[in-house]
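Fold and contact review
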Amino acid sequence: MTTIATPAVLLADRVLPRSLATDVGLVIGGAALTALLAQVTVPLPLVPITGQTMAVLLVGATLGATRGAASMSLYALLGMIGLPVFSDASGGMSVVLGTTGGYIVGFVAAAALVGRLAERRWERTFLKGLVTFLAGTAVTFAVGLPWLAVVAGLDLQATIAHGLAPFVLPGILKAAVVAGLLPAAWKGAERLAARREG
C-alpha cells in the first residue's frame, strides 16, 4: 500500500484506513477546511483576524508534518491561481504578494511544525497541545511579520501594531480551543477504533 510517508499514527490514521487515496483526500480536505474557515473574518486595516490559523493547527495536528504541509501548500496554490479561498473569498497572486502573503506562506511551515510535534504525540494532552499550537502560531507570525513590513513599508513599531498586537489574544484563544479539542477527539477516535476492532 503506497501512502504519503508519516512516521507515526495520527488522529486521521486512527479514524481512517491509510492509503494513497485517503492521504490525497485528507490533503484536499485540509485545504478545503482552511478555505472555509478563511471566510470567518474580523476586518482590520491591513491584516484581518480569520479562522485560517485554527484550520492550520487542526490540519497539522491531525495529518502530520508531510500531509499537513502538503495541504497548506495546496491551499496557497489554489489561491494563487485565483480560486476564492483566501479571506473575503479573495484569490490571486495579488493576495499572496500583498500584506497577508507572508502569513499564507507561514501556514505551510506552521502545519509542518505542528504535524511534527503531533507525530511525537504532543497534541494528545492539553498542556503539550497548547505549547504545540502556540509554537505553530508563532511560526506563522515569524514569516508573516517581516513580509508585512516589507510590502507595506512599515517600521518595527507599526509592524507590531498592525501585524501582531491585534492577533495575540485571538491566537492564544484559538490555540487553547484546539488544545482542548484534540485530546477529546483522540478519546472519541480510540473508542471508535476499539468498537471496530472488537
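Residues numbered from 1 in each chain as written. Predicted model: local features only at pLDDT ≥ 70, side-chain atom pairs only at ≥ 80, totals over all residues. Heavy atoms only, no water.

**What to know about the environment of G171**
The residue G171 is located in helix α8 (residues 168-197) in this model. Put simply, G171 and A55 are 116 residues apart on the chain and 12 Å apart in space, counted from C-alpha to C-alpha. (Helix = DSSP H or I, 4+ residues; strand = E, 2+ residues; numbered from the N terminus.)

**Some points on the pattern of salt bridges**
For the structure on display, the rule yields seven salt bridges. Among the ionic pairs, D13 bridges to R67, the shortest N-O distance being 3.0 Å. Here D13 is found in helix α1 (residues 11-15), whereas its partner R67 is found in helix α3 (residues 52-80), with 54 residues between them in sequence. Its salt-bridge partner being E119, residue R116 comes within 2.5 Å of it at the nearest N-O pair. Of this pair, R116 and E119 both sit in helix α5 (residues 101-119), three residues apart, which is roughly one turn of the helix. (Salt bridge = Lys/Arg side-chain N within 4 Å of Asp/Glu carboxyl O.)

**Considerations on the packing of helix α2 (residues 20-38) against α3**
Contact pair α2 / α3: the axes reach a minimum separation of 9 Å and the direction vectors enclose 145°. By crossing handedness, the relation of α2 to α3 is classed as left-handed. Between α2 and α3, the residues in contact are D23, L26, V27, I28, G30, A31, L33, T34, A35, L37 and A38 and Q52, A55, L58, V59, L63, R67, A70, S71, M72, L74 and Y75, respectively. A class-by-class count of the residues in the contact of α2 with α3 yields 16 nonpolar, four polar and two charged. (Axes fitted to C-alpha atoms, helices over the stretch in contact; angles between N-to-C directions. Left-handed = near helix turned anticlockwise from the far one by under 90°. Contact = heavy atoms within 4.5 Å. Nonpolar A, V, L, I, M, F, W, Y, C, P; charged D, E, K, R; others polar.)

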